Amino acid sequence: MAKDKKHFNCSDCGIRNCYRRDRAYPGVCPTGEYADAAEKTVELYQSDGTDGKLARAAAEIEGEYYGRLTRLEETVQFARKIGAVKVGIASCIGLLDEAAVYAKIVETADIETKTVICKVGGIDKSRIGIPEEQKICPGCNESCCNPALQAQILNEWGADLNILIGLCVGHDAIFCRHSQAPAVTLIVKDRVLGHNPAAAIYTAKFYYKRILDVKTFPDKK
Ligand code: SF4
């Protein structure tokens, strides 16, 4: 179904002139609408401040290693490029082994690491209003994830860069809100798809087509 102008998104655009600028922009296009704002972002990315440093490091990594380095390797190069000497690792309890391997890899690049588990603080879920029946193990102490405390500990340690390994949907948002250092995701948790959430999209036209159907999409509430 064709979308009207009001509902047109970049994801509907087949022109994508914003990338190479070798065609005409479509009639509805945020590049045209936000031209002045775009110019202001140039100042931001040219600056010697954090945004400028991060933007240039990210673009250089794309240019130097495009399609050659894994995301894991890119995170190490990124840390080097921004001059990070301390890398914090905010890890899920379920991916602590992976976090330990990752820490070793980062340390081979002469960068100090500190890993903090999501369950740090040991606060039972009942204390934040979660009923027993919503625990994985009702009746047990079941500590909630504590991304604000993970971030605080890494802030106090003086992390120059934080790496997220498997934080839950939402806990990652809290961590990023509290992290003083820039935060980069290495692994996103997907308990069903082996931490590869894109697989649901790749298979949405057939095996996972239930997610495109309002009648079969799980629990709308
Ligand atoms: S910014 Fe404009 S040209 Fe680029 S994808 Fe969006 S609508 Fe298309």
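Our structure is the block above this text.
The structure contained in this document is the topic of the report that follows. Keep in mind the model is a prediction, meaning the values are calculated, not measured. (Residues numbered from 1 in each chain as written. Predicted model: local features only at pLDDT ≥ 70, side-chain atom pairs only at ≥ 80, totals over all residues. Heavy atoms only, no water.)

Tallying secondary structure elements over the chain gives nine helices and four strands in all. Scanning the chain from its N terminus toward the C terminus, one meets helices and strands in the order α-α-α-α-α-β-α-β-α-β-α-β-α. The principal-axis extent of the C-alpha atoms belonging to the chain is close to 60 × 50 × 30 Å. Residues counted as buried form 30% of the 221 residues belonging to the chain. (Helix = DSSP H or I, 4+ residues; strand = E, 2+ residues; numbered from the N terminus. Buried < 20%, exposed > 50% of the residue type's maximum accessible area, 1.4 Å probe, protein only.)

Within the chain, Arg16 stands out as a residue other than glycine whose phi angle is a positive 50 degrees. Summarising the element assignment, Arg16 is placed in the segment before helix 1 (17-20). Even without a glycine there, the phi angle at Asp110 is positive, about 60 degrees. Mapped onto the elements of the fold, Asp110 is located in the loop between helix 6 (96-108) and strand 2 (112-117). Classification of Asp110 as exposed rests on a relative accessible area of 73%.

Take the environment of Ser143 next. Structurally, the position occupied by Ser143 is in the loop between strand 2 and helix 7 (147-157). Owing to a relative accessible area of 14%, Ser143 belongs among the buried residues under this scheme. Between the C-alpha atoms of Ser143 and Glu133, which are ten residues apart in sequence, the distance is 14 Å. Not counting the four nearest positions on each side in its chain, Ser143 is found in contact with Lys119, Gly122, Ile123, Asp124 and Lys125. A distance of 3.3 Å separates a polar atom in the side chain of Ser143 from a polar atom in the side chain of Asn141. (Contact = heavy atoms within 4.5 Å. Polar contact = N/O pair within 3.5 Å; in protein donor to acceptor, adjacent residues only side chain to side chain.)

All right, on to the site of the ligand then. As a matter of local geometry, the ligand sits amid Phe8, Cys10, Cys13, Arg16, Asn17, Cys18, Tyr25, Pro26, Val28, Cys29, Pro30 and Thr31. Of the residues assigned to the shell around the ligand, the class counts are nine nonpolar, two polar and one charged. (Near = heavy atom within 4 Å. Nonpolar A, V, L, I, M, F, W, Y, C, P; charged D, E, K, R; others polar.)

To continue, consider helix 4 (residues 50-65). A rise of 1.5 Å per residue sets the reference length of helix 4, with its 16 residues, at 22 Å; its end C-alpha atoms lie 22 Å apart and thus fit the reference within 8%. Among the residues of helix 4, Gly52, Ala57, Ile61 and Tyr65 are the ones counted as buried. Projected down its long axis, helix 4 carries its buried residues within an arc of 155 degrees, all on one side. At its buried positions, helix 4 is contacted by helix 3 (35-46) and helix 5 (71-81). (Expected span 1.5 Å × (residues − 1). Arc of directions from axis to C-beta.)

Scanning the model with the defined rule gives one aromatic pair in all. The interplanar angle of 75 degrees and the centroid separation of 5.0 Å between the aromatic rings of Phe206 and Tyr207 together place this pair among those described as edge-to-face. Residue classification places Phe206 among the exposed positions, given a relative accessible area of 55%. The exposed category is assigned to Tyr207, whose relative accessible area is 68%. The ring of Phe206 carries the charged tip of Lys209 above its face, separated from the ring centre by 5.3 Å. (Phe/Tyr/Trp six-rings, centres within 6.5 Å; stacked < 30°, edge-to-face > 60°. Lys NZ or Arg CZ within 6 Å of the ring centre and 35° of its normal.)

What follows deals with the nonpolar core. Residues Phe78, Val87, Tyr102, Leu161, Ile163 and Ile165 are the most contacted members of the largest nonpolar core, which totals 24 residues. For this core, the secondary structure elements donating two or more residues are helix 4, helix 5, strand 1 (86-91), helix 6, strand 3 (161-165) and strand 4 (183-187). Per element, the largest residue contribution to this core is four residues, and it comes from helix 6. The next biggest cluster of nonpolar side chains, apart from the first, holds 14 residues, and it includes Cys118, Ala151, Leu164 and Cys168. (Core = buried A, V, L, I, M, F, W, Y, C linked by side-chain atoms within 4.5 Å.)

In this section: the pattern of salt bridges. The tally for this structure, following the rule as stated, stands at six salt bridges. One salt bridge in this structure joins Glu60 and Lys81, with 3.2 Å as the shortest N-O distance. Of this pair, Glu60 sits in helix 4 while Lys81 is found in helix 5, placing the two residues 21 residues apart along the sequence. Take Glu60: its relative accessible area is 36%, and that puts it in the partly exposed class. For Lys215, the salt bridge identified is with Asp213, shortest N-O distance 3.7 Å. Taken together, the shared-partner salt bridges connect Glu60, Glu64 and Lys81 into one network. (Salt bridge = Lys/Arg side-chain N within 4 Å of Asp/Glu carboxyl O.)

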